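Next come the chains, spelled out residue by residue.
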Amino acid sequence: MASPIILKQKQEEVAQTLEKIQKAKSVILVDYRGLSVAQDTQMRVEMRKEGVEYKVIKNRIMLRALRDAGFTNEFDEILTGPTAVAFGYEDAVVPAKILADSVKKFNKMKLKGGVAEGKFLPEAEVVALSKIPPKPVLVAQLLGLLTSPMRSLAIGLSEVAKKKA
């Protein structure tokens, strides 16, 4: 049996991890086996630029934190082997996008799954999340859709006015 000091340290780690899960918009889990130090450093620099926290957390600690967050058995199979976690606090898509790009670029990592907006995401949904365009692009597309009918109406009215003149 573990000593009370070690148990207290582990409980604190679980509590800190749970706090991060609750604060994050998305949490993406990845198997980082085979990644060189240079590749890992390159990926971490990119994550820091985007405000993503990337850590290696013990599977048992992560599993207990996820259970405390309300997930029952979804992560039992996912949390095996080496696991790193990316916490996205500002944008839910950015961690998935960076990790999916790194998987393609380095061809050594594997996405495992994650959580976005409190919902469990299997690997396929993490990949789908990574393909969503950045927020500024989505806003521009929405504005284009909203202004298109008004522009068409203005052009139509202009043509009617030209014919009558």
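In what follows, the structure referred to is the one given above.
Throughout this document, residue positions are counted from 1 along each chain, in the order its sequence is written. pLDDT decides what is reported in this predicted model: residues at 70 or higher carry local features, side-chain atom pairs at 80 or more are listed and counted, and totals for whole chains, interfaces and linings draw on all residues regardless. Note that water and hydrogens are dropped before the side-chain values are worked out from all heavy atoms of the structure.

**Some points on the sheet that holds strand β5 (residues 119-122)**
Then step 1. Taken in spatial order, the five strands of this open sheet run β2-β3-β1-β4-β5, and their pairing is antiparallel. One side of each edge strand has no neighbouring strand; the edge strands of this open sheet are β2 (52-56) and β5. Averaged over neighbouring strand pairs, the angle between their axes works out to 20° when direction is ignored.
Then step 2. Strand contacts of helix α4 (residues 93-106): β1 (26-31), β2, β3 (84-88) and β4 (110-116), with the helix running at about 20° to β1, the strand carrying the most contacts. Two strands qualify as a pair provided DSSP detects at least 2 bridges between them. The helix and strand labels rest on DSSP assignments: H or I over at least four residues marks a helix, E over at least two residues marks a strand, and numbering proceeds from the N terminus. Axis geometry follows a simple rule: fit a line to the C-alpha atoms, using only the stretch in contact for helices, then measure angles between N-to-C directions, giving values from 0 to 180 degrees. We call two residues contacting when some pair of their heavy atoms lies within 4.5 Å.

**Structural notes on a nonpolar patch on the surface**
Then step 1. Patch rule: a residue counts if its relative accessible area is over 30% and it has no salt bridge; like charges are joined within 9 Å, and nonpolar side chains (Val, Leu, Ile, Met, Phe, Trp, Tyr) within 5 Å. All accessible-area figures derive from a Shrake-Rupley calculation using a 1.4 Å probe, and residue coverage is judged against the displayed protein chains alone. One side-chain nitrogen of Lys or Arg within 4 Å of one carboxyl oxygen of Asp or Glu is enough to make a salt bridge. A cluster of nonpolar side chains, V139, L142, L143 and L146, forms an exposed patch at the surface whose accessible area comes to about 370 Å².
Then step 2. Structurally, L142 can be placed in helix α6 (residues 135-164).

**Quick notes on the layout of surface pockets**
Then step 1. By volume, the largest pocket amounts to about 220 Å³.
Then step 2. Secondary-structure elements contributing two or more residues to the lining of the largest pocket are α1 (4-23) and α3 (59-68).
Then step 3. Taken together, the residues that form the lining of the largest pocket break down as three nonpolar, one polar and five charged. Cavities and pockets were defined on a 1 Å grid built over protein atoms only: a cavity is a set of grid points that admits a 1.4 Å probe from which the probe cannot escape, a pocket is an open set flanked by protein on both sides within 12 Å along at least five of seven lines, and lining residues are those with an atom within 4 Å of any such point. Grid points are joined across faces, edges and corners, and a volume is the space filled by probe spheres set on the points. Just so you know the grouping, Ala, Val, Leu, Ile, Met, Phe, Trp, Tyr, Cys and Pro go in nonpolar, Asp, Glu, Lys and Arg go in charged, and all remaining residues, Gly too, go in polar.

**Quick notes on helix α2 (residues 37-49)**
Then step 1. With 13 residues, α2 extends 18 Å from end C-alpha to end C-alpha; this agrees with the ideal 18 Å at 1.5 Å per step.
Then step 2. Along α2, the positions that sit buried rather than exposed are Q39, D40, M43 and M47. For α2, the buried positions fall inside an angular range of 95° around the axis, keeping them on one side. With respect to the buried face of α2, the exposed residues turned more than 90 degrees away are V37, A38, R48 and K49.
Then step 3. Along its buried surface, α2 packs onto β2, β3 and α4.
Then step 4. One or two residues past the end of α2 sits G51, with phi positive at roughly 80°. For a helix, the expected span equals 1.5 Å multiplied by the residue count minus one. Residue exposure (1.4 Å probe, protein chains only): buried if accessible area is under 20% of the type maximum, exposed if over 50%, otherwise partly exposed. Each direction from the helix axis to a C-beta atom contributes to the arc, which is the arc of those directions.

**Structural notes on the side chain of S130**
Then step 1. Tracing the backbone shows S130 in helix α5 (residues 123-130).
Then step 2. Leave out the neighbours within four places in its chain, and S130 touches A96, K97 and A100.

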